[in-house]
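These are the residues of each chain, in order.
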Amino acid sequence: MTEFLIYSKRCLINDQLIECALHIKNDKIHSIHSGFYNDPNIPFLNYGNLIVMPGIIDSHVHINEPGRANWEGFDTATKAAAIGGITTLIEMPLNASPVTTNVKAFKLKQEASKDKLHVNCGFYGGIIPSNINDIEDLIKAGVFGIKGFLTHSGIDEFPNVSKTDLEATASILKQHNLPLLLHCELNDEHVPDVNNPKSYLDYLHSRPQHWETNAIDLAIDIQKRYDIKVHIVHLSASKGIERIKQRKQETNKLTVETCPHYLYFNAENIPDKSPIFKCAPPIREQSNNDNLWDFLIEDGFNFLASDHSPAPPERKQLESGDFFKAWGGISGLQFTLPIFFTEARKRGLAIEKLITLLTKNPAEFLGLENKKGALKVGFDADITIWDDSEEFTIYEDSIQHKHKATPYLNETVFGKVIHTFVNGVQVVENSKVKTLQQGKLLLKDR
Ligand SMILES: [Zn+2]
């Protein structure tokens, strides 16, 4: 039996930072003692003034294994996650080969993750036009949601769905009360000609706001007519905010997330010939991103996620600088916390609120709120300990992702993860990996 005490002057309990000691027994939080507490018979980890909080739950990660392990893999991605204070992540269905659109492929993916999970990992299933009859089996096999695209996904084996496909699946999702996650861009021809494929503005204008708002309208329509849970992943277009706000006043079945790159970078500062910044939907102008921040501060976003979407450097077209040939996706889950925190402290978002958006709220979305996402008695001992006063620069040698190419390279940020515990075991000590393979494969309880 393992047993120890974690003490700090600032532990996040019931959305507040208070002095207390967490008594960990095996993989659970056994009890919580407020104020200073010590027991000479139990090992005592004194973390002074560091922030002790529930482990981050990243509900949007692309890992690419099996089949594209040269892009990213479970070993490297979950190591990076652990170093970044993420103790649970949910993996997307499109980047592995085969894509996760039936139970056979789902089993292959689970097999591929064996002995490589350094944090807890669950999965989404995918919806494509040809697999409507596989959705229920995927749900029964334990996926946490069903993800679909409304425009080309970048992966030919994962084609986008139409409104009709979604209508055909809605009753199954309703019956199982599982969320439909939608990449909300609906492409059309109303876009300017591309003059220079290496120009960021040409890329930005090729994926206009109305692609997002049209897709959001479709998503809301499906949500409303079938009364199902619909989740809008990675909102970038602030013109989408009003309609989302309106529908969210009527139901809690519509949810929305955004990601670090949309809140940290602005189009004005992205140089031409730098597809390292390419993602879809694109990073927009500062005025747009200020609106995203306002929406975040007024509790409009349900939670935040990394959308870690890595690719080999040659796929990112780093040499050619061609935005249109490059893979659209930003790699960086290891830096989710410091990137958000660095911007949050400038914008006046309270630390407690930021933590909630990274822990309790995604736990609720995933149906894990009775065991993860909070420091509570009986909950899983997934714990992240970090220093909000430490400033550091992101250098290549600290990056644990398979490929080091990330737009966060050389950024100087605030908030360093020092220790991470997964299922009651210290997996990261002093920002270095300590223990491997402590993650569990998570299947959604049916
Ligand atoms: Zn994604």
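Keep in mind the model is a prediction, meaning the values are calculated, not measured. (Residues numbered from 1 in each chain as written. Predicted model: local features only at pLDDT ≥ 70, side-chain atom pairs only at ≥ 80, totals over all residues. Heavy atoms only, no water.)

S.K.: So what's going on with helix α11 (residues 351–358)? Residues and values would help.
M.R.: Along an α-helix, residues three or four positions apart point the same way, because every turn accommodates 3.6 residues. For α11, a buried count of 6 out of 8 residues is recorded, marking the element as mostly surrounded by other parts of the structure. The set of residues buried in α11 consists of Ile351, Leu354, Ile355, Thr356, Leu357 and Leu358. (Buried < 20%, exposed > 50% of the residue type's maximum accessible area, 1.4 Å probe, protein only. Helix = DSSP H or I, 4+ residues; strand = E, 2+ residues; numbered from the N terminus.)

S.K.: Explain the environment of lysine 444 to me, using residue names and the numbers behind them.
M.R.: Within the fold, lysine 444 resides in the segment after β18 (432–433). Once the C-alpha coordinates of lysine 444 and phenylalanine 158 are considered, the two residues, 286 residues apart in sequence, prove to be 23 Å apart. Apart from the residues within four sequence positions on either side, lysine 444 is in contact with Gly142, Val143, Phe144, Leu178, Leu366 and Gly367. A polar atom in the side chain of lysine 444 sits 3.1 Å from the backbone oxygen of leucine 366. (Contact = heavy atoms within 4.5 Å. Polar contact = N/O pair within 3.5 Å; in protein donor to acceptor, adjacent residues only side chain to side chain.)

S.K.: Explain the coordination of the zinc ion residue by residue, including any values.
M.R.: The zinc ion binds to the protein through His60 (NE2), His62 (NE2) and Asp307 (OD), with metal-donor distances spanning 2.1 to 2.2 Å. Coordination of the zinc ion draws on donor residues from a single chain, spaced H-x1-H-x244-D in sequence. Within this pair, whereas histidine 60 is found in strand β6 (residues 56–61), its partner aspartate 307 is found in the loop between β14 (303–304) and α10 (336–347), the two being separated by 247 residues in sequence. What makes histidine 60 buried here is its relative accessible area of 0%. (Donors = N, O, S within 2.8 Å, 3.2 Å for Na, K, Ca; no water.)

S.K.: Please give an account of the nonpolar core that cites residues and values.
M.R.: Leu89, Leu166, Leu180, Ile283 and Trp386 are the most contacted members of the largest nonpolar core, which totals 99 residues. In contact with leucine 89, other than residues within four places in its own chain, are Asp58, Val61, Ile63, Thr78, Ala81, Val119, Asn120, Cys121, Gly122 and Leu333. Residues Ile57, Ile155, Trp327 and Leu368 belong to the second largest nonpolar core, which totals 22 residues. (Core = buried A, V, L, I, M, F, W, Y, C linked by side-chain atoms within 4.5 Å.)

S.K.: Go over the packing of aromatic side chains, please, and point to the residues and values.
M.R.: Any two aromatic rings considered together are summarised by their centre-to-centre distance and by the angle between their planes. Throughout the structure, instances matching the rule amount to 19 aromatic pairs. A ring pair is formed by tyrosine 203 and phenylalanine 324, whose centres lie 5.8 Å apart and whose planes are at 80 degrees; its orientation type is edge-to-face. Remark: phenylalanine 324 occurs in the loop between β14 and α10 and tyrosine 203 occurs in helix α5 (residues 200–206); sequence separation between them is 121 residues. One Lys or Arg, arginine 345, reaches over the ring of phenylalanine 414 and ends 3.5 Å from the middle of that ring. Lying across the ring of phenylalanine 392, lysine 416 places its NZ or CZ 5.3 Å from the centre. (Phe/Tyr/Trp six-rings, centres within 6.5 Å; stacked < 30°, edge-to-face > 60°. Lys NZ or Arg CZ within 6 Å of the ring centre and 35° of its normal.)

S.K.: Describe the sheet that holds strand β11 (residues 180–183), and please don't skip the residues or the numbers.
M.R.: Taken in spatial order, the 6 strands of this open sheet run β9-β10-β11-β12-β13-β14, and their pairing is parallel. For this open sheet the edge positions go to β9 (125–126) and β14, each flanked by a neighbour on one side alone. As paired strands, β9 and strand β10 (residues 146–149) are joined by 2 bridges and run parallel to one another. Bridging from a neighbouring strand, glycine 126 pairs with lysine 147 of β10. (Pairing = 2+ DSSP bridges.)

All quantities given are derived from atomic positions and should not be read as evidence of function.
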